[in-house]
Amino acid sequence: MPAAPFQFDASSAYYDEAKSLIAGAVNSNVRLAGAPFPLCFDHAEGAHLFDIDGNRYIDYALGMGPGILGHAPRQVCDAVAKTLSQGQMFAGQHRAELDLARLLNRHIPSAEMVRVGMTGSEAVQAALRLSRAHTGRTKFVKFEGHYHGWFDNVLVSYAPDTAKPGETLPLPRAPKLESQGQLPSVCDDIIVLPWNDAAALEEVLESHGQEIAAVITEPALCNTGAIAPRPGYLEQMRDLTTRHGIVLIFDEVITGFRLGVGGAQQRFGVTPDLSTFAKAMAGGFPVAALVGKRDLMEQFGTGAVNHSGTYNANVPSIVASIATIEALAADGGAALSSAESTGEALMSGLRDLAASVGINLKVQGYGTCFNTFFADTDAVHDYQSYRLTDLDRQQAFLAALVARGVRPTSRGTWFVSTAHGDTDVAETLTIAKEALASLTS
Ligand SMILES: Cc1ncc(COP(=O)(O)O)c(C=O)c1O
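Starting from 1, residues in each chain are numbered consecutively following that chain's sequence as written. Since the coordinates come from a predicted model, pLDDT governs what is reported: local features require at least 70, and pairs of side-chain atoms require 80 or more to be given and counted, while whole-chain, interface and lining totals use all residues. Side-chain numbers here rest on the full set of heavy atoms in the structure, without hydrogens or water.

Asks: Would you mind showing me how to read the site of the ligand here?
Replies: Residues are counted as near a molecule or strand when any one of their heavy atoms sits within 4 Å of it. Taken together, Thr119, Gly120, Ser121, Tyr147, His148, Gly149, Glu218, Asn223, Asp251, Val253, Ile254 and Lys279 form the complete shell of residues around the ligand. Within the backbone of Gly120, one N or O atom sits 2.9 Å away from an oxygen atom of the ligand. A 3.5 Å cut-off defines polar contacts: any pair of N or O atoms within that distance qualifies, except that in protein one atom must be a possible hydrogen donor and the other a possible acceptor, and neighbouring residues in sequence count only when both atoms are side-chain atoms. A distance of 2.6 Å is found between a nitrogen atom of the ligand and a side-chain nitrogen or oxygen belonging to Asp251. The Shrake-Rupley method, run with a 1.4 Å probe sphere, supplies the accessible areas, and residue values consider only the shown protein chains as cover. Coverage of the ligand by the protein amounts to 84% of the 390 Å² it exposes when considered alone. Residues belonging to the shell around the ligand are distributed by class as follows: three nonpolar, six polar and three charged. Think of it as three bins: nonpolar holds Ala, Val, Leu, Ile, Met, Phe, Trp, Tyr, Cys and Pro, charged holds Asp, Glu, Lys and Arg, and polar takes everything else, Gly as well.

Dropping the structure here:
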């Protein structure tokens, strides 16, 4: 018997009441997009999430990525609980900061020195400031469809217009501000390019290289689909930035501790100058890190470049980071490899399902982070090609999944954790079959 779609009465009552006190009833604009509307949750454990109506979901949103060990991971919670009575912040250092720095240094290829903060958005700002100070240049390159946080200077061309049929977009692209209230002047210092296009990058660096402080990229595009870099693309990006004296920043806020214990840079064998980490780093606790080359990072140490934050390196976040990274790195990264295998089994199950019902569902990405969308082509390699897919059908599929107890992110991305297992995969595939059937019935 197919499971009856869920009821959301309690969430609905919560939503109505919350709207009068909390803007949009949510505290992050990303959550406005929740299907069927922004739901209210009660608790979570392992791979499962429970809402206030008592509905239980196999959760592939995982807090938008942080839950790499699943929800409320025992080893992380225990480690944090042990320190709670010792105090949280000292306006000074504590020993665990050095332990974490050693761990980051050991596992992340680009990490010669580190700074720890609270959010990915802040780590990105620190990276850009450092790049400007280092090069004495002001502009930076970002790519269409990439997300680097919500601050004025980077919330640009995350979701720009797509080319009309027959239209060739200019190079560089016209930057698009994504929010009212953003300073229009940020566009003077940003160069927006299509991703996965080495020729475009080369052309622009050849003509404007002397003005560009940094190139910032998600090493695999995980904020628009889950798109791999073309073979050789990151290497070319590395060569071109080196040739022009430009700082290369990998924004590993999603890929970090997910595509590899040492991030995507370890997996792809390309070492940037600076990289940002957050999300999966602390198993659900708030933390971020900026790591990179010594000569760059030391500018913070001399005081020449400012990076500050009251909550930076608070004890619970640091202890949670250590427990998470140690769990992921143990036995040569066995836990992360196992999560990846679980995710790959789910990816191939979804592909088989799509083939068996003759629907153009595509499954793209990596075992621990993949995306589902509807298209007749496999040639989805950048923002523009992803946006040509059938996004209305994708949203209908996601809503049908949520209504039956499977919860990917509202962007069609599935995060898989070490807590997901074979039973979750089997149950997910049963529900996915029903959800696909509901689209065609
Ligand atoms: C690649 C990337 N960079 C930066 C950020 C911003 O991080 P935060 O939400 O912690 O500020 C995000 C958030 O989703 C991200 O995906």
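Asks: Please explain the sheet that holds strand E6 (residues 190-193) as it appears in this structure.
Replies: Sheet strands associate in pairs through backbone hydrogen bonding, adopting either a parallel or an antiparallel arrangement. Strands were regarded as paired on the criterion that DSSP finds at least two bridges between them. A run of H or I in DSSP counts as a helix once it spans at least four residues, and a run of E counts as a strand once it spans at least two, with each numbered from the N terminus. Spatial ordering of the open sheet is given by E4-E10-E9-E8-E7-E5-E6, a layout of seven strands whose pairing is mixed. Each having just a single partner strand, strand E4 (113-117) and E6 make up the two edges of the open sheet. Within this sheet the neighbouring strands show an average axis-to-axis angle of 20°, counted without direction. Bridge count between E4 and strand E10 (residues 288-292): five bridges; the pairing is antiparallel. Bridged to Val116 within E10 is Ala289. Helix axes are fitted only over the stretch in contact, all axes being lines through C-alpha atoms; the angle between N-to-C directions runs from 0 to 180 degrees.

Asks: It is not clear to me how helix H6 (residues 233-243) should be interpreted in this structure. Could you clarify?
Replies: Every α-helix carries 3.6 residues per turn, so stepping three or four residues along brings you back to the same face. Of the residues making up H6, those classed as buried are Tyr233, Leu234, Met237, Arg238, Leu240 and Thr241. Elements in contact with the buried residues of H6: strand E5 (139-143), helix H5 (198-208), strand E7 (212-217), strand E8 (247-251) and helix H7 (263-268). Note on H6: the residue one or two positions beyond its end, Gly245, has a positive phi of about 65°. Any residue under 20% of the maximum accessible area for its type is buried, any over 50% is exposed, and the rest in between are partly exposed; the area is computed with a 1.4 Å probe on protein chains only. Note on contacts: a residue pair is in contact if any heavy atoms of the two residues lie within 4.5 Å.

Asks: I keep staring at the sheet that holds strand E13 (residues 406-407) and nothing clicks. Help me out?
Replies: Read from one edge of the open sheet, four strands run E1-E2-E3-E13, paired in mixed fashion. Sheet topology places strand E1 (41-45) and E13 at the edges, where each strand pairs with a single neighbour. Here strand E3 (residues 56-59) runs beside E13; their pairing, made up of two bridges, is parallel. Looking at the pairing, Asp59 lines up with Arg407 of E13. Sitting on the sheet, helix H12 (residues 422-440) is in contact with strand E2 (48-51), E3 and E13, with an inclination near 110° to E3.

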